Each structure stands twice: as C-alpha cells, then as structure tokens.
Amino acid sequence: MTEAQEQKAIFDWTLAVRSTYPELKLLYHIPNGGRRDKVEAAHLKAQGVKKGVPDLCLPVARDRYHGLYIELKTETGRARPEQRWWLEELMNQGYYATVCHGWQAAVDTLEWYLRL
C-alpha cells in the first residue's frame, strides 16, 4: 500500500468505530507532504508550512499527554531527520508523538492512546 492508501484505511476505520471512540471526529491529516512545483512550495513555506510536521494529529488530551501526533510510514518507510526532530520536540512539549509503520500500527496506537 502507498502511504496515501494507508492513511485512507485509517480514516475508513475511524468511521467504523466512531461510536466507540467519538473523539476520533477530531483526528485530522496535516497535508505537508506531496509533490509541488517550486512556486507552490515557496507560497506554502511563506504561509507557515514546515518540513517534517507529522501526518496525523488527534488534539485530545489523555493521561499526561496534551494530544497525539503520528508520522505515518509504509511498512518499509523510514522517518527523515526533520520528522524525527518534530517528534522529539512534540514529546518535549507534552504530546505523544510517534512513527507508525502501516495503517494497522496507527490504529493500534490510536486505540492505545484513547484508552489511557
């Protein structure tokens, strides 16, 4: 599966379990990735888009965390240094931030987090 397909599978799952986890209505994708021409990339950078920001955010506090961020990768994907930097910085600010390889790992993380 591509990363986009993995991400769609996560959001399909959220619709199926929304009655169990109503907080999932707040889960959203941060569209930082993708291919863009140089002009579009310059406009987005000027508007505040930053390299490495995680793909998914669940702005729901649990236990000692302010919210959850997930950097989604395919089963064989690897986080880039700027992505790892963001995850570390977000953890330092009180968020749970992690890399998930594949949609099922992301679902497992979301369920774990929401049960805290």
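Every value quoted in this text rests on a predicted model; they were computed, and no experiment measured them.

K.L.:
Describe helix α3 (residues 81-92), listing the residues and the values that go with them.
P.N.:
Here α3 contains twelve residues, and its C-alpha end-to-end distance of 17 Å stays within 8% of the 16 Å for a straight helix at 1.5 Å per residue. Within the span of α3, buried status applies to Gln-83, Trp-86, Leu-87 and Leu-90. Looking straight down α3, one finds its buried side chains confined to an arc of 100°; they lie on one side. Facing away from the buried surface of α3 by more than 90 degrees, the exposed residues are Pro-81, Glu-88 and Asn-92. Residues of α3 that are buried in the fold lie against β3 (68-73) and β4 (96-101). A positive phi of about 100° marks Gly-94, the residue just after α3.

K.L.:
Describe the sheet that holds strand β2 (residues 56-58), listing the residues and the values that go with them.
P.N.:
Strand order across the open sheet formed by four strands is β1-β2-β3-β4, with mixed pairing between neighbours. Of all the strands in the sheet, just β1 (28-29) and β4 have a single pairing partner and so form its edges. Alignment of β2 against β3, held across three bridges, turns out to be antiparallel. Bridge assignment links Leu-56 to a residue of β3, and that residue is Ile-70. The sheet contacts of α3 involve β3 and β4, and relative to β4 the element is tilted by about 145°.

K.L.:
How would you explain the pattern of salt bridges if you had to name every residue and give the values?
P.N.:
Counted by the stated rule, this structure contains four salt bridges. Residue Asp-12 is joined to Lys-8 by a salt bridge in which the shortest nitrogen-to-oxygen separation is 2.9 Å. Pair noted here: Asp-12 and Lys-8 are both in helix α1 (residues 3-17), with a separation of four residues, about one helical turn. Glu-23 is the partner of Arg-62 in a salt bridge, and the nearest nitrogen-oxygen pair spans 2.5 Å. Pair noted here: Arg-62 is in the loop between β2 and β3 and Glu-23 is in the loop between α1 and β1, with a separation of 39 residues, a long-range link. For Arg-62, a relative accessible area of 16% translates into the label buried.

K.L.:
Account for the state of the cysteines, naming residues and giving values.
P.N.:
This model, assessed by the stated rule, comprises zero disulfides. The thiol of Cys-57 is not disulfide-bonded; the next cysteine sulfur, from Cys-100, is found 13 Å away. For Cys-57, a relative accessible area of 3% gives the class buried. Of the residues examined, Cys-100 reaches a relative accessible area of 3% and is grouped as buried.

K.L.:
Tell me what's going on with the packing of α1 against helix α4 (residues 103-114), and back it up with residues and numbers.
P.N.:
Two numbers describe how α1 lies on α4: the axes approach to 9 Å, and their chain directions differ by 40°. By the angle between their directions, the pair α1 and α4 is classed as oblique. The hand of the α1/α4 crossing is right-handed. Every residue of α4 that contacts α1 at Glu-6, Ala-9, Ile-10 and Trp-13 is listed here: Trp-103, Ala-106, Val-107, Leu-110 and Glu-111. For the contact of α1 with α4, the per-class residue count stands at seven nonpolar, no polar and two charged.

Conventions and cut-offs
- Residues numbered from 1 in each chain as written.
- Predicted model: local features only at pLDDT ≥ 70, side-chain atom pairs only at ≥ 80, totals over all residues.
- Heavy atoms only, no water.
- Helix = DSSP H or I, 4+ residues; strand = E, 2+ residues; numbered from the N terminus.
- Expected span 1.5 Å × (residues − 1).
- Buried < 20%, exposed > 50% of the residue type's maximum accessible area, 1.4 Å probe, protein only.
- Arc of directions from axis to C-beta.
- Contact = heavy atoms within 4.5 Å.
- Pairing = 2+ DSSP bridges.
- Axes fitted to C-alpha atoms, helices over the stretch in contact; angles between N-to-C directions.
- Salt bridge = Lys/Arg side-chain N within 4 Å of Asp/Glu carboxyl O.
- Disulfide = S-S within 2.5 Å.
- Parallel < 35°, antiparallel > 145°, perpendicular 65-115°, else oblique.
- Left-handed = near helix turned anticlockwise from the far one by under 90°.
- Nonpolar A, V, L, I, M, F, W, Y, C, P; charged D, E, K, R; others polar.

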